[in-house]
Amino acid sequence: MSLSPLDISIVLAYLAGIFILAQWVSREKAGRQKSAQDYFLASRSLPWWAIGASLIAANISAEQIIGMSGSGYAIGLAIASYEWMAAITLLIVGKWFLPIFLRNGITTMPQFLQERYGNRIRTLMAVFWLGLYVFVNLTSILWLGSIAIAGVAGLNQDVALVLLGAFALAYQLYGGLKAVALTDIVQVSLLVLGGLLVTFITLGQIGNGSVTDGFMQLWQQHPERFEMILSKDNPFYKDLPGLSVLLGGMWIANLSYWGFNQYIIQRALAAKDLREAQKGVVFAAFLKLLIPAIVVLPGIAAVMLAPGLERPDAAYPTMLALLPSGILGLVFAALVAAIVASLASKINSVATIFTLDFYAKRAPDASEARLVRVGRFAASVSIIVAVLTARPLLGGFDQGFQYIQEFTGFFTPGIVVIFLLGLFWKRANEAGALAAAVGSFVLSLALKLLWPSLPFMDRMGVVFLVTLLLGVGVALGTRASGDRDRIRTDDVSYATAPSFNVASLAVLAILVALYATYW
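Here we summarise the structure given alongside this text. (Residues numbered from 1 in each chain as written. Predicted model: local features only at pLDDT ≥ 70, side-chain atom pairs only at ≥ 80, totals over all residues. Heavy atoms only, no water.)

## Quick notes on the overall build of the protein
Reasoning step 1: When helices and strands are tallied, the protein shows 24 helices and 0 strands.
Reasoning step 2: Taking 24 Å as the expected radius of gyration for a compact globule of 519 residues, we find that the protein reaches 22 Å, a close match to that expectation.
Reasoning step 3: Projected onto its principal axes, the C-alpha positions of the protein cover 70 × 60 × 50 Å.
Reasoning step 4: For the protein, with 519 residues in total, the buried portion stands at 58%.
Reasoning step 5: Once local pairs closer than 6 in sequence are excluded, the contacts in the protein between residues at least 24 apart make up 85%.
Reasoning step 6: Each charge class in the protein was averaged separately, 35 positive and 28 negative side chains, and the resulting centres sit 10 Å apart. (Helix = DSSP H or I, 4+ residues; strand = E, 2+ residues; numbered from the N terminus. Rg over C-alpha atoms; globule rule 2.2 N^0.38 Å. Buried < 20%, exposed > 50% of the residue type's maximum accessible area, 1.4 Å probe, protein only. Contact = heavy atoms within 4.5 Å. Lys, Arg positive; Asp, Glu negative; His and termini not counted. Charge placed at Lys NZ, Arg CZ, Asp CG, Glu CD.)

Written out as structure tokens, the structure reads:
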């Protein structure tokens, strides 16, 4: 597969256009300098469409597109549960979490922990998130993205890696979150358009020009690929353990990712107001329902169009080889858009946490302009470190990324416990939060070693329940937070607008219909 001159022109036009647009939308009026709130929270002025699109753009990158297509090839539609369950999680975040965060003027998740518990837990989790974002998230997106870019464009992988990092940094370095969020509607539109083109063309290949016939043939000839709930005799049960997907550990992973993850929740924290933030998360929930049609169906189609692939992750690149010139350029630009948008989001969140949770605490008199300069410096350092460490961390072994993801999952149950107790139980204190953080890692590691056959998702569910009891028990046995708890919840209203309620019911109805159809 190679890009034609037309394809290359389309990709270059996208790169130039999105860069110019990012600088234009984040410009300041003559004589006005960017403040820290401008740079890190887009002046708290984001509209709902920017919030929803940016949530998806931050989430979907090369590992989702290529990895989930590969899972579609190997497992089938069951992998879509990650996307469809996330839609419900977004509704929970919008109704129950955002009212508290926005009422208390929260800018970062470590800040919430300090306002609720104290300084030690804030520092511990800020260090954890910075390490996770730089050495796991940035490196994995750069590495897997460079593999995809090099494979399609014929570039040397190291060159592709450096170019991706440099462009993602330059794209958001001046404008900060506003540059990222206000251009993500373009990124997501391109991602959806390009992804649907791949789906339609691959299904059309199966159905001799008819997308509908192609889908029905695929379903009829490979019904096992359309089972949402896997039985215990399925070889992939350990990855997606039956009803646990709906009732167990996936909730823990989703609540942690969509509710308490800085580079995700930062978009909603930058909303004009609560109603706008809630409209944004509903928009994102609807987009989540669509994502499997873009990233999973092409992988399932590859079962018929390219049987016998050595590696499932080759499914999506193999389907790209079916695209005609011009369309390939558009889809390749969509792939680049997904990678760049996700990278830029994580770079900005690293800069936000470093500047507001570390530097600003140690330099309380720093000017707004200095905080912005420190943020830009932190952003630059983070991507340089990620570029330099991507190959050493991930290039030497095939399962490196999967292992690191599972390792970070050791902390996920504890994170959810800490935030849920902090949001909804006033007796929770820092001692209980620290016990939950440490207990989550120790219990996860112990179960991993003593019960290796336990599915990862089930392990997270078990650890969550035990850690919850531990956090509550320690809190009850130690002194209450007292004046250290500065989070107000007594005057928070969880009532939502009729439009939010109707849209939420629509999302739930669609999900019920999907699971009933593909049970």
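## Points about a nonpolar patch on the surface
Reasoning step 1: Together, Leu445, Leu449, Leu450 and Trp451 make up a nonpolar patch on the protein surface, roughly 470 Å² of accessible area in all.
Reasoning step 2: With respect to the helices and strands, leucine 450 occurs in helix α22 (residues 430–450). (Patch = residues over 30% accessible without salt bridge, like charges linked within 9 Å, V, L, I, M, F, W, Y side chains within 5 Å. Areas by Shrake-Rupley, 256 points an atom, 1.4 Å probe, with all protein chains shown as cover. Salt bridge = Lys/Arg side-chain N within 4 Å of Asp/Glu carboxyl O.)

## Remarks on unusual backbone geometry
Reasoning step 1: Look at alanine 42: it is not a glycine, yet its phi comes out positive at around 50 degrees.
Reasoning step 2: With respect to the secondary-structure elements, alanine 42 resides in the loop between α2 (36–41) and α3 (48–59).
Reasoning step 3: The buried category is assigned to alanine 42, whose relative accessible area is 0%.
Reasoning step 4: We note that asparagine 208 has phi near 55 degrees; this positive angle belongs to a residue other than glycine.
Reasoning step 5: Secondary-structure assignment places asparagine 208 in the loop between α10 (184–206) and α11 (211–221).
Reasoning step 6: On the basis of relative accessibility, which here comes to 74%, the residue asparagine 208 falls in the exposed class.

## Thoughts on the layout of surface pockets
Reasoning step 1: Counted as a void, the second largest pocket has a volume near 330 Å³.
Reasoning step 2: Together, 15 residues line the second largest pocket, and Val11, Leu15, Ile149, Leu155 and Leu163 are the ones closest to its centre.
Reasoning step 3: Of all elements in the fold, only α1 (5–25), α7 (119–153), α8 (157–173) and α18 (327–362) reach the threshold of two or more residues within the lining of the second largest pocket.
Reasoning step 4: Among the residues making up the lining of the second largest pocket, the classes are represented as 15 nonpolar, no polar and no charged. (1 Å grid on protein atoms, 1.4 Å probe; cavity = no way out; pocket = protein on both sides within 12 Å on 5 of 7 lines; lining within 4 Å. Points joined across faces, edges and corners; volume = space filled by probe spheres on them. Nonpolar A, V, L, I, M, F, W, Y, C, P; charged D, E, K, R; others polar.)

## Side note on the nonpolar core
Reasoning step 1: Counting 177 residues, the largest nonpolar core has Leu77, Trp84, Phe101, Leu113, Trp129 and Leu240 as the members making the most contacts within it.
Reasoning step 2: Looking at which element gives the most residues to this core, the answer is α18, with 20 residues.
Reasoning step 3: When sequence neighbours within four positions are dropped, the list of residues in contact with leucine 240 reads Ile75, Ala78, Ile79, Tyr82, Leu230, Val245, Met250 and Met457. (Core = buried A, V, L, I, M, F, W, Y, C linked by side-chain atoms within 4.5 Å.)

## Focus on the environment of leucine 191
Reasoning step 1: In this fold, leucine 191 is placed in helix α10.
Reasoning step 2: Leucine 191 sits in the buried class, given a relative accessible area of 6%.
Reasoning step 3: Separated by 139 residues in the primary sequence, leucine 191 and leucine 330 have C-alpha atoms spaced 9.3 Å apart.

## Looking at the side chain of serine 35
Reasoning step 1: Counting through the fold element by element, serine 35 comes out in the loop between α1 and α2.
Reasoning step 2: Beyond its immediate sequence surroundings of up to four residues, serine 35 is in contact with Glu368 and Val372.

## What to know about the pattern of salt bridges
Reasoning step 1: A complete count under the given rule lists 13 salt bridges for this structure.
Reasoning step 2: Across the salt bridge formed by glutamate 430 and arginine 120, the nearest N and O atoms sit 3.4 Å from each other. You can see glutamate 430 sitting in helix α22 and its partner arginine 120 sitting in helix α7, a full 310 residues away along the chain.
Reasoning step 3: Under the relative-accessibility criterion, arginine 120 is labelled exposed at 54%.
Reasoning step 4: Between lysine 279 and glutamate 276 there is a salt bridge; the shortest N-O distance is 3.5 Å.

## Thoughts on the packing of aromatic side chains
Reasoning step 1: Tallying each qualifying case throughout the model produces 24 aromatic pairs.
Reasoning step 2: Feature note: the residues Phe97, Phe101, Phe112, Trp129, Phe260, Phe419 and Phe424 constitute an aromatic cluster, connected by ring pairs.
Reasoning step 3: Over the aromatic face of tryptophan 24 sits the side chain of arginine 27, whose NZ or CZ is 4.2 Å from the ring centroid. (Phe/Tyr/Trp six-rings, centres within 6.5 Å; stacked < 30°, edge-to-face > 60°. Lys NZ or Arg CZ within 6 Å of the ring centre and 35° of its normal.)

## A few points about the environment of threonine 107
Reasoning step 1: Along the chain, threonine 107 falls in the loop between α5 (81–103) and α6 (109–116).
Reasoning step 2: Between the C-alpha atom of threonine 107 and that of lysine 288, which follows or precedes it by 181 residues, the distance is 25 Å.
Reasoning step 3: When neighbours within four sequence positions are excluded, threonine 107 is seen to be in contact with Leu41, Arg44, Gln262, Leu269 and Leu356.

## A word on the side chain of lysine 178
Reasoning step 1: With respect to the secondary-structure elements, lysine 178 resides in helix α9 (residues 177–181).
Reasoning step 2: Look past the residues within four positions of lysine 178 in its chain and what remains in contact with it is Val25, Ser26, Ala42 and Ser43.

## Things to note about the packing of α22 against helix α23 (residues 456–477)
Reasoning step 1: Contact geometry of α22 with α23 gives a least axis separation of 8 Å together with a crossing angle of 150 degrees. Considering the angle they form, α22 stands roughly antiparallel to α23. Crossing of α22 against α23: the hand is right-handed. In contact with Ala431, Gly432, Ala435, Ala436, Gly439, Ser440, Leu443, Ser444, Leu447 and Lys448 of α22, α23 contributes Arg459, Val462, Val463, Val466, Thr467, Leu470, Gly471, Val474 and Ala475.
Reasoning step 2: Taken together, the residues of the contact of α22 with α23 sort by class into 11 nonpolar, 6 polar and 2 charged. (Axes fitted to C-alpha atoms, helices over the stretch in contact; angles between N-to-C directions. Parallel < 35°, antiparallel > 145°, perpendicular 65-115°, else oblique. Left-handed = near helix turned anticlockwise from the far one by under 90°.)

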